[in-house]
Amino acid sequence: DAGVIQSPRHEVTEMGQEVTLRCKPISGHNSLFWYRQTMMRGLELLIYFNNNVPIDDSGMPEDRFSAKMPNASFSTLKIQPSEPRDSAVYFCASRLGADSYEQYFGPGTRLTVT
Amino acid sequence: RKEVEQDPGPFNVPEGATVAFNCTYSNSASQSFFWYRQDCRKEPKLLMSVYSSGNEDGRFTAQLNRASQYISLLIRDSKLSDSATYLCAVNLRNKLTFGTGTQLKVEL
């Protein structure tokens, strides 16, 4: 079975550019989570969706970050404009449903903003 | 106080040793608990869920102490391949909060 799929795996961009990260959750999973991981701050939850609806975006750092989930099999995280401090690994994770709390992570996107 | 705290390590142990990690959490309403393993430059992978009664999976044993608000992970007969960072995760209101991880290095 396919796990969580993320693209691109690596992204190098210049400050001020728009960055779009993509995620396909495990088929049948109803919840999707976006995380950011840095050495300084560890793994932080940015936003999560249940049944394609954003439930909690309190972790989104600022208005430059936005996330969408137009259908059950696709989500995007967009940064516009990007800044060097956004450099991190961005993980997407999915979860089966409300009664199952185990989350399964994608391979991540390593973002470098120069 | 951080919501979830772990000793960052590293724990350097010889192959075959037994090693234990603890993870403390601050919110007594936390509902469920997990251990994840993360290899260098890889994603976290679910290692074990932690149940109230404790649970064991081969060489790995996880325990929960609600009174003292900590969970533990015990690795017996450690292997070189166990070298990784071990993250604990605490579920509260459908969100997981992760510790910063404990690094384990198993040496010959």
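Each value, and the rule that gives it
Residues numbered from 1 in each chain as written. Chains lettered and ligands numbered in written order. Predicted model: local features only at pLDDT ≥ 70, side-chain atom pairs only at ≥ 80, totals over all residues. Heavy atoms only, no water. Pairing = 2+ DSSP bridges. Helix = DSSP H or I, 4+ residues; strand = E, 2+ residues; numbered from the N terminus. Axes fitted to C-alpha atoms, helices over the stretch in contact; angles between N-to-C directions. Salt bridge = Lys/Arg side-chain N within 4 Å of Asp/Glu carboxyl O. Buried < 20%, exposed > 50% of the residue type's maximum accessible area, 1.4 Å probe, protein only. Contact = heavy atoms within 4.5 Å. Buried area = accessible area lost by both parts, 1.4 Å probe. Polar contact = N/O pair within 3.5 Å; in protein donor to acceptor, adjacent residues only side chain to side chain. Nonpolar A, V, L, I, M, F, W, Y, C, P; charged D, E, K, R; others polar. Disulfide = S-S within 2.5 Å.

S.K.: Mind laying out the sheet that holds strand β3 (residues 19-25) of chain B, listing which residues take part and the relevant values?
M.R.: Two modes of strand pairing occur in sheets, parallel and antiparallel, and in both the strands are linked by backbone hydrogen bonds. Residues and elements named next belong to chain B. Strand order across the open sheet formed by 5 strands is β1-β3-β8-β7-β6, with antiparallel pairing between neighbours. Each having just a single partner strand, β1 (4-6) and β6 (55-57) make up the two edges of the open sheet. Geometrically, the sheet is characterised by an average inter-axis angle of 20° between neighbouring strands, direction not taken into account. Relative to β3, β1 is paired through 3 bridges, and the arrangement is antiparallel. The partner of V4 across the bridge, within β3, is Y25.

S.K.: Got a sec to walk through the pattern of salt bridges? Specific residues and values, please.
M.R.: For the structure on display, the rule yields 13 salt bridges over all chains. Here K78 of chain A ties to E18 of chain A by a salt bridge, and the two come within 3.9 Å at their closest N and O atoms. With a gap of 60 residues between them, K78 of chain A in strand β8 (residues 74-79) and E18 of chain A in the loop between β2 (10-13) and β3 (19-24) connect regions that are remote in the sequence. Classification of K78 of chain A by relative accessible area gives partly exposed; the value is 30%. Judged by its relative accessible area of 44%, E18 of chain A is partly exposed. In this structure, the salt-bridge partner of K95 of chain B is D56 of chain A, at a minimum N-O distance of 2.7 Å. Here the residue K95 of chain B occupies a position in strand β10 (residues 95-98), and D56 of chain A occupies one in strand β6 (residues 53-56), the pair thus bridging two chains. Residue K95 of chain B is classed as partly exposed on the basis of its relative accessible area of 23%. Of the residues examined, D56 of chain A reaches a relative accessible area of 18% and is grouped as buried.

S.K.: How would you summarise the interface of chain A and chain B if you had to cite specific residues and measurements?
M.R.: Each partner contributes to the interface: chain A provides 19 residues, whereas chain B provides 16 residues. Taken over both partners, the interface formed by chain A and chain B buries close to 1600 Å², and the fraction arising from carbon and sulfur atoms is 53%. Looking at the side of chain A facing chain B, the largest losses of area belong to L43, Y101 and F105 of chain A, adding up to 32% of the total buried there. Here chain A and chain B share 1 salt bridge between them. For the interface between chain A and chain B, the tally reads 5 residue pairs in polar contact (both at pLDDT 80 or more). Elements represented by at least two residues in the side of chain A that touches chain B include exactly β4 (31-38), β5 (42-50), β9 (88-97) and β10 (100-105) of chain A. Among the elements that make up the side of chain A that touches chain B, the one with the highest residue count is β10 of chain A (5 residues). In the side of chain A that touches chain B, the residues fall into 11 nonpolar, 4 polar and 4 charged.

S.K.: Please give an account of the sheet that holds β3 of chain A that cites residues and values.
M.R.: Residues and elements named next belong to chain A. Read from one edge of the open sheet, 4 strands run β1-β3-β8-β7, paired in antiparallel fashion. With one partner strand each, in any of the chains shown, β1 (5-7) and β7 (65-71) form the two edges of the open sheet. Between one strand axis and the next, the sheet turns by 15° as a mean value, whatever way the strands run.

S.K.: Lay out the state of the cysteines in plain terms, naming residues and giving numbers.
M.R.: One pass over the full model with this rule turns up 2 disulfides over all chains. Across the disulfide, C23 of chain A is cross-linked to C92 of chain A (sulfur-sulfur distance 1.9 Å). Across the disulfide from C23 of chain A to C92 of chain A, rotation about the S-S bond amounts to roughly -70°, and the bridge is consequently left-handed. Here C23 of chain A is found in strand β3, whereas its partner C92 of chain A is found in strand β9, with 69 residues between them in sequence. Just as C23 of chain A is buried, C92 of chain A falls in that class too. Linked covalently through their sulfurs, C23 of chain B and C88 of chain B form a disulfide whose S-S length is 1.9 Å. One disulfide, between C23 of chain B and C88 of chain B, carries an S-S torsion of 60° and so falls in the right-handed class. Placement of C23 of chain B in strand β3 and of C88 of chain B in strand β9 (residues 84-92) is noted, with a sequence separation of 65 residues between them. C23 of chain B gets classed as buried once you look at its relative accessible area, which sits at 1%. Here C40 of chain B is not cross-linked by a disulfide; its sulfur's nearest cysteine counterpart is in C88 of chain B, at 20 Å. For C40 of chain B, a relative accessible area of 70% puts it in the exposed group.

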